[in-house]
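Listed below are the residues making up each chain.
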Amino acid sequence: MNEILTHLKVGAHTTNLFDTLAENNRLAMTGNVVKSFQELMTAHKGQIVGKVTTAEKMDASTEQEVRKVLQSFLKQGQTLQIETKVDAGIGGGMIVQVGDKYIDMSVATKKRKLDALLEMPV
């Protein structure tokens, strides 16, 4: 392991991290560790990740409009980083997550809620 890390010219902190993961049989969790570290660094830099899921790929103008609306929710000094995802299973509309806020405006969720209302006893 150390030979590979030396060949990659990684720093001492990174080498120590991989040594600790290896000693504790946790190398398989490397992806999760990297993801968590990225989230911490993003928050430290004042960047907010906005995740937008739509049924079809958004065109540039729609994405720009969504970005503008989401930016209005940010505090001063924060910057927005948008991650888009396409999921045909939502049927239409969009699902937006910015920080701890989650808004589901998908057709699939609206249908599920209406179905639940119709099945309720009168």
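Structural notes, computed from the coordinates. Along each chain, residue indices are assigned from 1 in the same order as the chain's sequence is written. Residues qualify for local features only when their pLDDT is at least 70, as the model is predicted, and side-chain atom pairs are given and counted only at 80 or more; totals for whole chains, interfaces and linings, by contrast, use all residues. Excluded from the side-chain calculations are hydrogens and water; all other atoms, namely the structure's heavy atoms, are used.

1. Notes on the overall build of the protein
Stage number 1. A helix here means a DSSP run of H or I that spans at least four residues, while a strand means a run of E at least two residues long, and both kinds are numbered starting from the N terminus. A count of helices and strands for the protein gives five helices and four strands.
Stage number 2. Reading the helices (α) and strands (β) of the protein from amino to carboxyl end gives α-α-α-β-α-β-β-β-α.
Stage number 3. Summarising its shape, the C-alpha atoms of the protein cover approximately 65 × 40 × 25 Å along the three principal directions.
Stage number 4. Buried, partly exposed and exposed residues are distinguished by accessible area as a fraction of the type maximum, computed with a 1.4 Å probe on protein chains only: under 20%, between the cut-offs, and over 50%, respectively. Within the protein, buried positions represent 22% of all 122 residues.
Stage number 5. Contacts were defined at the residue level, with two residues in contact if any of their heavy atoms lie within 4.5 Å. Long-range pairs, those at least 24 residues apart, make up 58% of the contacts in the protein with a sequence separation of at least 6.

2. Observations concerning the nonpolar core
Stage number 1. Within the largest apolar cluster, 11 residues are counted, these being I48, V52, M58, V66, L70, L74, L80, I82, M94, V96 and V98.
Stage number 2. Those elements that provide at least two residues to this core are strand 1 (47-54), helix 4 (60-71), strand 2 (79-86) and strand 3 (94-98).
Stage number 3. In terms of residue count, the dominant contributor to this core is strand 3 (three residues). We define the nonpolar core as a collection of buried residues of types Ala, Val, Leu, Ile, Met, Phe, Trp, Tyr and Cys that are connected through side-chain atoms lying within 4.5 Å of one another.

3. Quick look at unusual backbone geometry
Stage number 1. Backbone geometry at K9 places phi at a positive 60 degrees, although glycine is not the residue there.
Stage number 2. Of the residues examined, K9 reaches a relative accessible area of 75% and is grouped as exposed.
Stage number 3. Even without being a glycine, N25 presents a positive backbone phi close to 55 degrees.
Stage number 4. Among the structural elements, N25 can be located in the loop between helix 2 (12-23) and helix 3 (30-44).

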